[in-house]
There are 2 protein chains.
Amino acid sequence: MQKCTVKDIFKEINFSESELAIVEEKFEEIYPKKGEILLLPGQPVPYQYFVCDGCLRTYFISEIGKEYTMQFAVNDWWISDYTAFFTGGLSMFYIDCVKDSIIYKISKEDMELLYKQVPQVESFFRIKMERFFASFQKRILSDLALTAEEKYLRFLKAYPNIEQHIKNYHLASYLGITTESLSRVRKELAKK
Amino acid sequence: MQKCTVKDIFKEINFSESELAIVEEKFEEIYPKKGEILLLPGQPVPYQYFVCDGCLRTYFISEIGKEYTMQFAVNDWWISDYTAFFTGGLSMFYIDCVKDSIIYKISKEDMELLYKQVPQVESFFRIKMERFFASFQKRILSDLALTAEEKYLRFLKAYPNIEQHIKNYHLASYLGITTESLSRVRKELAKK
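Counting restarts for each chain: residues are numbered from 1 in the order of the written sequence. Chains and ligands are labelled by the order in which they are written, letters from A for the one and numbers from 1 for the other. For a predicted model such as this one, the threshold for reporting local features is a pLDDT of at least 70, and the threshold for listing and counting side-chain atom pairs is 80 or more; totals across whole chains, interfaces and linings nevertheless cover every residue.

A. Spotlight on the relation of the copies chain B and chain A. Residues below a pLDDT of 70 in either copy are left out; the C-alpha atoms of the rest, at least 70 in both, set the least-squares superposition of the copies. The transformation that overlays chain B on chain A combines an axial shift of 0.0 Å with a rotation of 180°, and the residual RMSD is 0.0 Å. Given the turn and translation reported, the copies of this chain are related as if by a two-fold rotation axis. Considering only C-alpha atoms, the part of chain B nearest the rotation axis is Arg126 of chain B, at 2.5 Å. When the interface residues of chain B are mapped onto chain A, 100% of them again lie at the interface, so the same face is used by both copies. We call two residues in contact when their backbone-placed C-beta atoms lie within 7 Å.

What follows is the structure in C-alpha cells.
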C-alpha cells in the first residue's frame, strides 16, 4: 500500500512550516481492514475521511433490508455521511472498508478551526466541494437518464482499477440495477 | 412578486457599507418570464442564479428526446449547470423559467473576485455548498431507494407551494417516474 502525508492531501497548497504543523495536528491516520465498519446509522458523524490508499463505501439499508450504495471512495477521495456531517444530524449511512486502507480522518470541529487558522484550507475545501457537487450532479443525471450499460461504463471510467475489489451486489446497488442486469451488461460488453 | 436586495441574499453576513457596495456591484437583477430559456446545452456557463422570487428549472434532453429534470429552484435557492459552471466546461442542461421570476445573477469571475475582496463571502458559499451537497446526497438516495409515493411526498416537503406551477411531466421527470405513475400516486394519496 502507498502511504501519503498530510501535505499530499493538500497538493495544491504551499503551506509555510508553521501552517503545515497546524494542519498536520488536525489529522489522524488510521488503518481500517477490509470489512471493518467505520460508521453505523443513527450515530453522530464527527469525521470525514480522506482515502490515502484503499477504498471505503457509504451505503444505506432500507427497512426491508435492501442495500443501496451511495459512494465508493478510492485513492485521493473524501468520504463521509455528508448530510449528517455538515448539518450535525445523525447518520443514515453505513461506512465500511472495501479493502485494507490507509485513511486520514479529520473532525468537523477541527475543520472549522482550520478554516480560521489557515484560510487557504477553506478555499481548498470550497473548490473540492464544487468538484464533488459537479460529480453528484452527474450521478443524479446518470441515475435518471442512462441505461444499465451506460451507467456501468461510466462507473468503470470514474473508478478505474476498483471493480475487482467490489462485490457484484455492491456495484449493482450503486448503479441502481439488479445483479442479474449487471451480469447481462458484462456479457453483452464482452461480446462487443 | 416579492423583491429582494443583495443584502437579503447574504442574510447571515453583516457587511460593512463598503463591503456591501463591492458585493452589490457584482450582481445583476433580471426578470425572466414564464417559459423563457436562460441556458441551452453546449454553451459556456458564466452565471449562477439566485431566485429572489419565482422558479427556475434545470433539465436535460436525451438523444431520443426524453426530458429529465435535475433541479427546481424556488425562492432563496441557487441554480446553475454546476458541472459546467464550476469546471469551466460546456453546459449539458437547459435552464428555463417555470413562472415569472425575479433573479439575481453573478458570474464565476465576479465570484472569484468577491472571495478575495470579501472573504466572508467565501465562507458563506462554502457553507451553502455543504447544504447543497447534503440535499444532493438525499436526492441520490431517494432516486435509488424510495418508492414513487415516497419520492412524491419528499418533493412536496422540499418544495412547498410550487406544485401548482409545475407541469406534470416535468415533475414526473424530476422524480424519475412516468406521468401515469404520478397520477396513480396522487389518486392513492387522495384516498388516504
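After that view, the rundown keeps rolling.
B. Seen up close, the pairing of strand S4 (residues 67-73) of chain A. Residue and element names in this part refer to chain A. Residues with at least 20 other C-beta atoms within 10 Å of their own are called buried, those with 12 or fewer are called exposed, and the rest are partly exposed. The C-beta atoms themselves are positioned from the backbone. Helix and strand assignments follow DSSP, with helices taken as H or I runs no shorter than four residues and strands as E runs no shorter than two, numbered in order from the N terminus. Burial within S4 is extensive, with six of its seven residues counted as buried. Each pair of strands is called paired provided DSSP finds at least two bridges between the two strands. As defined by bridge partners, strand S3 (residues 47-61) adjoins S4 across six bridges and the pair is classed as antiparallel. Bridge pairing in S4 places Phe60 opposite Tyr68. Taking the residues between adjacent antiparallel strands as the criterion, S3 and S4 are bridged by five residues, where Gly65 takes a positive phi near 85°.

C. The pairing of strand S6 (residues 94-107) of chain B, seen in detail. Residue and element names in this part refer to chain B. Here strand S1 (residues 28-30) pairs with S6 via three bridges, running antiparallel. Residue pairing in the sheet places Ile30 in a bridge with Ile103 of S6. Sheet topology places strand S2 (residues 37-39) next to S6; two bridges connect them, and they run antiparallel. When the sheet's bridge partners are listed, Ile37 is paired in S6 with Asp96. Across eleven bridges, strand S3 (residues 47-61) lies against S6 in antiparallel orientation. The residue bridging Leu56 from the neighbouring strand is Cys97, located in S6.

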